[in-house]
Amino acid sequence: MQIAESASGRRRIVAHVGSAHTEAELGILLERAREMLADPAQGSFDLGIEAAAQQARLVPPAASPALFDAERPGPAPAAAAPRVVSTYSRVLFEALNGVFAGLGFGALGDEVFRDLVLARVVEPTSILDAGRVLADLGRKAASDKTMRRTLARCADRGYRDRIAELCFAHARASGDVSLILYDVTTLYFEAEHEDALRKVGYSKERRVDPQIVVGLLVDRHGFPLEIGCFEGNQAEKLTILPVIRQFQARHGIEGMVVVADAGMLSAANLADLDEAGLGFIVGSRVTKAPIDLESHFRWHGDAFSDGQVIDTVTPKTGKNKDNDPALRDNRTLTAQENRARDVISGAKSARTPRFVKNAGGTPALDEKALARARKLAGLKGYVTNLPVSVIPPAEVISCYHDLWHVEQSFRMSKTDLAARPMFVRKRDAIEAHLTVVFTALAVARAAQDRTGLSIRNVIRQLRPLRSATIAINGAVQTFPPAIGPEQQKILDDLRH
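Everything numeric in this text was worked out from a predicted model, so none of it was measured.

Draft legend 1. Structural context of the environment of Gly-263. On the secondary structure map, Gly-263 appears in the loop between strand S9 (257–260) and helix H9 (267–275). Sequence-wise, Gly-263 and Lys-237 are 26 residues apart; in three dimensions their C-alpha atoms are separated by 6.2 Å.

Draft legend 2. Region of the structure containing the pattern of salt bridges. Taken as a whole and assessed by the stated rule, the structure comprises 20 salt bridges. Here Arg-90 ties to Glu-94 by a salt bridge, and the two come within 2.9 Å at their closest N and O atoms. Here Arg-90 pairs with Glu-94, and both are found in helix H3 (residues 90–102), just four residues apart, close to one helical turn. Here Arg-90 falls in the partly exposed class, since its relative accessible area comes to 25%. Judged by its relative accessible area of 38%, Glu-94 is partly exposed. In this structure, Arg-153 engages Asp-110 in a salt bridge whose closest nitrogen and oxygen atoms are separated by 2.9 Å.

Draft legend 3. Quick peek at the nonpolar core. Formed by 99 residues in total, the largest nonpolar core has its most connected members in Ile-212, Ile-281, Val-443 and Leu-462. The element best represented in this core is helix H16 (residues 427–451), accounting for twelve residues. Among the nonpolar cores identified, the runner-up in size contains five residues, and Met-1, Val-17, Ala-33 and Leu-37 belong to it.

Draft legend 4. Representation of the sheet that holds strand S6 (residues 179–188) within the structure. Strand order in the open sheet formed by six strands is S8-S7-S6-S9-S10-S13, and the pairing between neighbours is mixed. Since the sheet does not close on itself, it has two edges, and those belong to strand S8 (224–231) and strand S13 (381–384), each with one partner. The average undirected angle you get between the axes of adjacent strands in this sheet is 25°. Note that strand S7 (residues 211–219) and S8 share seven bridges and pair antiparallel. Paired with Leu-216 across the bridge in S8 is Ile-227.

Draft legend 5. View of helix H17 (residues 455–462). Taking burial as the measure, the eight residues of H17 include six buried ones, the bulk of the element. Within H17, burial applies to Ile-455, Asn-457, Val-458, Ile-459, Gln-461 and Leu-462.

The rules we used
- Residues numbered from 1 in each chain as written.
- Predicted model: local features only at pLDDT ≥ 70, side-chain atom pairs only at ≥ 80, totals over all residues.
- Heavy atoms only, no water.
- Helix = DSSP H or I, 4+ residues; strand = E, 2+ residues; numbered from the N terminus.
- Salt bridge = Lys/Arg side-chain N within 4 Å of Asp/Glu carboxyl O.
- Buried < 20%, exposed > 50% of the residue type's maximum accessible area, 1.4 Å probe, protein only.
- Core = buried A, V, L, I, M, F, W, Y, C linked by side-chain atoms within 4.5 Å.
- Pairing = 2+ DSSP bridges.
- Axes fitted to C-alpha atoms, helices over the stretch in contact; angles between N-to-C directions.

Structural data, given as structure tokens:
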């Protein structure tokens with residue numbers, strides 16, 4: 001498409017508007033050319049002809065600018081005003097779909113399940129609202145009933161087992177799975193009554209609603225490997241072994257190292273892990289330090305230098321009741337109960353400051369408790385069954401510090417992927433929801449690993465890249481968005 005002037009039977013090209021390959025593109029070029037002819041500030045066409053005359057006639061008299069199709073000599077036909085039919089973030093959907101397929105999840109052969117996973121990565125919401133998110137991504141959503149049937153298929157066809165196998169294959173191909181990280185979180189429900197699964201228990205959010213306990217196993221980089229769902233009143237330390245055993249049975253693994261925080265520390269857990277031939281690195285409560293470091297305190301005193309590492313050996317045989325967390329927790333609960341009773345009876349104030357004791361009804365400083373706290377200040381303990389010849393103390397500490405990866409995955413699940421709130425109540429539906437979240441976490445983690453950006457940043461930069469379907473000149477055409485260099489780099493990284 002060109003703009004030319006014709007004078008004395010001769011034609012001179014004034015400007016090149018563009019090339020059209022479809023009727024819709026031709027209509028857009030026609031509108032652009034008319035705007036250029038009608039623009040009174042257009043200096044390029046200062047031919048001594050008034051803008052009003054140019055706007056009134058597309059085929060003006062001699063010596064006036066005229067509009068020509070380079071491949072169709074003669075005046076161009078009049079065109080209707082263009083109309084935007086729809087816009088959508090198809091670029092974002094295709095990019096995430098590439099990650100989904102790259103992880104091998106397409107082997108499930110379930111497009112509705114895929115759409116639910118990718119919709120959760122982009123904008124977590126309920127099933128009823130998932131159709132809106134998918135429409136914004138350029139996908140025609142399945143019906144509400146079909147999506148609910150898909151959740152039922154998750155359990156019936158063992159989707160989680162297949163996803164877990166594919167996640168393990170990806171983690172093994174990408175790095176080392178000899179060290180795995182474990183942690184738990186709680187997801188509450190806004191429900192009035194408990195049931196067989198949703199029960200009131202210790203809540204990470206300090207709530208009193210019915211909840212479930214979720215255990216997550218990831219590799220050292222935070223990529224998900226296994227997920228487990230437990231009753232809301234299940235103790236944290238009772239969740240680790242079922243998930244570990246399920247992971248071992250699924251993949252036939254014998255030798256690996258499990259890293260967990262102090263909440264998983266119990267004599268029974270450590271004995272079971274040791275008997276199973278598994279290494280472990282777990283956090284140790286500071287209250288154990290006086291016992292574990294008794295020999296060190298005796299010979300070297302209680303002075304420490306910054307960053308000092310003290311390596312001690314605790315015999316596996318014999319039972320040290322002072323180290324039994326169950327007994328220690330019971331003592332704590334008994335003390336809390338007694339304190340509560342004293343507050344209720346008026347014997348004590350509701351808020352007694354730390355290191356304050358009542359001697360004969362008179363508040364006094366608890367010198368012994370304060371001295372003990374000062375003695376332990378700054379200490380952090382780690383327990384492992386790995387000999388120092390296999391892993392030195394500094395590496396034990398480094399491996400334990402990798403637990404932030406699983407904590408980050410939980411934060412992603414609870415914030416970016418909105419594992420809570422749940423809009424389902426039956427166990428199969430809850431398990432299916434967790435399967436969708438687990439799969440979405442794998443996609444999000446893979447996207448972050450490929451781009452070096454958080455999944456929220458990836459979504460924020462790619463979602464505004466909107467394709468547009470435009471109706472013009474009797475035809476409908478879809479046009480891709482303009483992609484800047486930063487967004488193009490993200491897209492290139494996601495393809496690798």
